[in-house]
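What the coordinates show
For reference, the chains in residue letters:
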Amino acid sequence: MVSRVIPVDPFDLVIFGGTGDLARRKILPGLYRRFCSGQMPEGARIIGAARTETDSEGYRKIVSDAIHEFDPKSAQCGKLDAFLSLLEYETVDAMGEAGWNELRPHLRDGHVRAFYFSVGPSLFGILAERLSHFGLVDDESRIVIEKPLGHDLATAKELNATLGAYFDESQIYRIDHYLGKETVQNLMAVRFGNILFEPLWNAQHIDHIQITVAETVGVGGRGGYYDKSGAMRDMVQNHLMQLLCLIAMEPPSQFEPNSVRDEKLKVIRALQPVPPHHIVRGQYDATDSEPSYREDVENARSFTESFIALRCEIANWRWAGTPFYMRTGKKLKARTSEIAVRFKPAPHSIFGEDKETGSQPNELIIRLQPNEGITLSVTIKEPGPGGMRLVNVPLDMTFAEALGEEAEAPDAYERLIMDVIRGNQTLFMRGDEVEAAWAWTDPIIEGWQARHDVPKLYDVGSAGPDDALMLLHRDNRKWRDIKA
Ligand code: NAP
């Protein structure tokens, strides 16, 4: 089975910050892959814009180097020269007047016009204002921004209001790249495209849900930023929250932007405040060879968490009584992101209660990385003549082999940028969703600040502080092992 590639219409895409890390690592290699696949048309234009003094030729060299460095496999597709010929560059300073009028000739009337703000968030509002001031915005224009979308509810509202002064909500694309992942969309297909799961998708049949996003890296060179943010703001408020929404939302009436986002918003608004004993925060400790979190961020008195685990509840008819456990952290045992839906045990075991041989509760694992895929564990009879012994086996629902190599899933950024061009906002966050997520997050953070909560130390390469294990032990449950 080979997936169909439907080319998008020709477009003009201006990447502010086109020389930066995100552009070179993700956006440009992603666009190149779409070009190789035939989805990005020859008539497209990509215009890099930043303060760096260079010209279109210099920019093509920067992009060529980036593609070779960050995606050597795709660099081999044989269309690099054709792709590079679509690139242009203009030196523009967001804070000044220079370059703005020169940007205009790069933009064609009658084409989709997208502006990717791949710059620090302090420039988002300024760029929106400048674009409008220099008359570069038309009805076909759209802007793309990415986290951090505010630092709290007040700043998120401020950002929404600033962008809203120049762009309609239908023109603002807020990326959460987790939503661009193949498996995350597959989760919706599995839930809403089959009759099997939905009748069981509630507190009556689901015991609990675990959402884990574990990293092996520390804060790296982002120490200054990260220490002001922490795992709650950097990961839970956005990525984990979005995953929780897709798991918990009611079926939208249509797979259409506002229907989907309305349902996600209802989930966020139904999230209960989290009491202190349902929150565990941690900081990674030093090893013989590696610095501690506090050394990494150069703040000996930092109380910011590099790990957090939470027990959350959703107050609605579907989910009352089913806990959602979320955890994320740095320098953990393995790099993995997954959602585990643990069903309740069968109401009565006709095969006896022996733990070794009896039936096990079903578990649906939605794995985002590595090895994206969905697995359902089911109980079957162990093959052979040894009597009625039961085993739990994984049923692989990704059909990767059936789809074949040509159906290789596009990277999240590629898919989302193509959605921007197509004008499909379904997989992007709406402004009120972002604000609702902050409205839930803020009191949790204010709570631990008022209590002067000190994060617990945890070992590098562990599953986080022991208290995080206790969070589930107290409920007679267990976290899944963190493994790649
Ligand atoms: P970066 O490497 O520091 O790049 C910033 C870009 O902005 C550079 O191209 C820089 O080029 C340009 N720039 C800075 N000041 C400017 C100005 N006054 N006018 C015009 N251009 C200006 O940052 P990044 O890692 O790419 O991150 C960009 C944004 O994406 C940030 O908001 C970040 O939080 C977000 N993000 C990044 C990643 C990632 O993987 N890197 C992941 C998620 C989110 P010049 O110096 O030449 O002007």
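Scroll up a little and you will see the structure.
The following paragraphs examine the structure supplied in this document.

**Observations regarding the overall build of the chain**
Across its full length, the chain carries 15 helices and 15 strands. A compact globule built from 484 residues should have a C-alpha radius of gyration of about 23 Å, and the chain, at 24 Å, falls within 12% of that. Judged by the C-alpha coordinates and their principal axes, the chain covers about 75 × 55 × 45 Å. Across the 484 residues in the chain, those meeting the buried criterion constitute 52%. When contacts within the chain are restricted to residue pairs at least 6 apart in sequence, those whose partners lie at least 24 apart make up 77%. For the chain, the computed accessible surface area is about 21900 Å², with 51% contributed by carbon and sulfur atoms.

**Let's talk about the site of the ligand**
The immediate surroundings of the ligand are formed by 20 residues, with Thr 19, Leu 22, Arg 51, Thr 52 and Val 119 found nearest. Between the ligand and Gly 17, the relevant distance is 3.3 Å, taken from an oxygen atom to a main-chain nitrogen or oxygen of the residue. Separating an oxygen atom of the ligand from a backbone N or O atom of Lys 147 is a distance of 3.5 Å. Here the shell around the ligand is built from residues that sort into nine nonpolar, six polar and five charged.

**Some details on the sheet that holds strand β9 (residues 307-312)**
Spatially, nine strands are ordered β14-β13-β12-β11-β7-β10-β9-β8-β15 in an open sheet, and the strand pairing comes out mixed. Two strands in the sheet have a free side with no partner beyond their single neighbour: β14 (390-396) and β15 (456-458). Across the sheet, the mean angle separating the axes of adjacent strands is 20° when strand polarity is ignored. Bridge analysis of β9 against strand β10 (residues 324-329) gives six bridges, and the strand direction is antiparallel. Among the inter-strand pairings, Cys 312 is bridged to a residue of β10, identified as Phe 324. Helix α8 (residues 182-192) rests against β11 (336-343), β12 (363-369) and β13 (373-381) of the sheet, and its axis sits at about 50° to β13. The sheet contacts of helix α9 (residues 223-248) involve β7 (206-214), β9, β10, β11 and β12, and relative to β10 the element is tilted by about 145°.

**Some points on unusual backbone geometry**
Across the junction of Lys 147 and Pro 148, the peptide omega takes the value 5°, indicating a cis bond. If you trace the backbone, Pro 148 turns up in the loop between β5 (141-146) and α7 (153-166). Cis rather than trans, the peptide bond between Gln 369 and Pro 370 has omega equal to -10°. Locating Pro 370 in the fold gives a position in the loop between β12 and β13. You will see that Asn 476, though not glycine, has its phi angle at about 65°, which is positive.

**Quick notes on the state of the cysteines**
Evaluation of the coordinates by the stated rule reveals one disulfide. Across the disulfide from Cys 36 sits Cys 77; the S-S distance is 2.1 Å. Between Cys 36 and Cys 77, the S-S torsion sits near -80°, and that sign places the bridge as left-handed. Taken together, the positions of Cys 36 in helix α1 (residues 21-37) and Cys 77 in the loop between α3 (72-75) and α4 (80-84) put the pair 41 residues apart, joining distant regions of the chain. No disulfide involves Cys 245; its sulfur sits 11 Å from that of Cys 312, the nearest cysteine.

**Brief notes about a nonpolar patch on the surface**
On the surface, Ile 350, Phe 351 and Met 388 cluster together into a nonpolar patch covering about 330 Å² of accessible area. Locating Ile 350 in the fold gives a position in the loop between β11 and β12. By relative accessible area, Ile 350 is classed as exposed at 66%.

**Observations regarding the nonpolar core**
If you look at the biggest cluster of nonpolar residues, it comprises 112 residues, and the most contacted ones within it are Leu 31, Phe 83, Leu 310, Ile 339, Val 341, Leu 364 and Trp 440. Residue contributions to this core peak at 13 residues, all from α9. Not counting residues up to four positions away in its chain, the partners in contact with Trp 440 are Met 232, Val 236, Met 241, Leu 271, Gln 272, Val 274, Leu 310, Cys 312 and Met 326. Core analysis: the next-biggest nonpolar cluster, separate from the first, contains 28 residues, Val 92, Leu 131, Ile 143 and Leu 159 among them.

**So, the pattern of salt bridges**
Counted according to the given criterion, the structure contains 41 salt bridges. When the shortest N-O distance is used, the salt bridge between Arg 477 and Asp 207 registers 2.7 Å. Placement of Arg 477 in the segment after α15 (466-473) and of Asp 207 in strand β7 is noted, with a sequence separation of 270 residues between them. As a salt-bridge pair, Lys 264 and Glu 433 come within 3.1 Å of each other at their nearest N and O atoms. With Lys 264 in helix α10 (residues 257-270) and Glu 433 in helix α14 (residues 431-450), this residue pair connects regions lying 169 residues apart in the sequence. For the pair Lys 264 and Glu 433, a shared accessibility class is recorded, and that class is buried. One network of salt bridges, in which partners are shared, links Asp 207, Arg 311, Glu 313, Asp 475 and Arg 477.

**Some remarks on the pairing of β9**
Counted residue by residue, β9 has six buried out of six residues, so it is predominantly covered. Of the two faces of β9, both are covered, the one formed by Phe 307, Ala 309 and Arg 311 as well as the one formed by Ile 308, Leu 310 and Cys 312. Bridge analysis of strand β8 (residues 279-284) against β9 gives four bridges, and the strand direction is antiparallel. Looking across to β9, one finds that Arg 281 is bridged to Ile 308.

The rules behind each value
Residues numbered from 1 in each chain as written. Predicted model: local features only at pLDDT ≥ 70, side-chain atom pairs only at ≥ 80, totals over all residues. Heavy atoms only, no water. Helix = DSSP H or I, 4+ residues; strand = E, 2+ residues; numbered from the N terminus. Rg over C-alpha atoms; globule rule 2.2 N^0.38 Å. Buried < 20%, exposed > 50% of the residue type's maximum accessible area, 1.4 Å probe, protein only. Contact = heavy atoms within 4.5 Å. Areas by Shrake-Rupley, 256 points an atom, 1.4 Å probe, with all protein chains shown as cover. Near = heavy atom within 4 Å. Polar contact = N/O pair within 3.5 Å; in protein donor to acceptor, adjacent residues only side chain to side chain. Nonpolar A, V, L, I, M, F, W, Y, C, P; charged D, E, K, R; others polar. Pairing = 2+ DSSP bridges. Axes fitted to C-alpha atoms, helices over the stretch in contact; angles between N-to-C directions. Disulfide = S-S within 2.5 Å. Patch = residues over 30% accessible without salt bridge, like charges linked within 9 Å, V, L, I, M, F, W, Y side chains within 5 Å. Salt bridge = Lys/Arg side-chain N within 4 Å of Asp/Glu carboxyl O. Core = buried A, V, L, I, M, F, W, Y, C linked by side-chain atoms within 4.5 Å.

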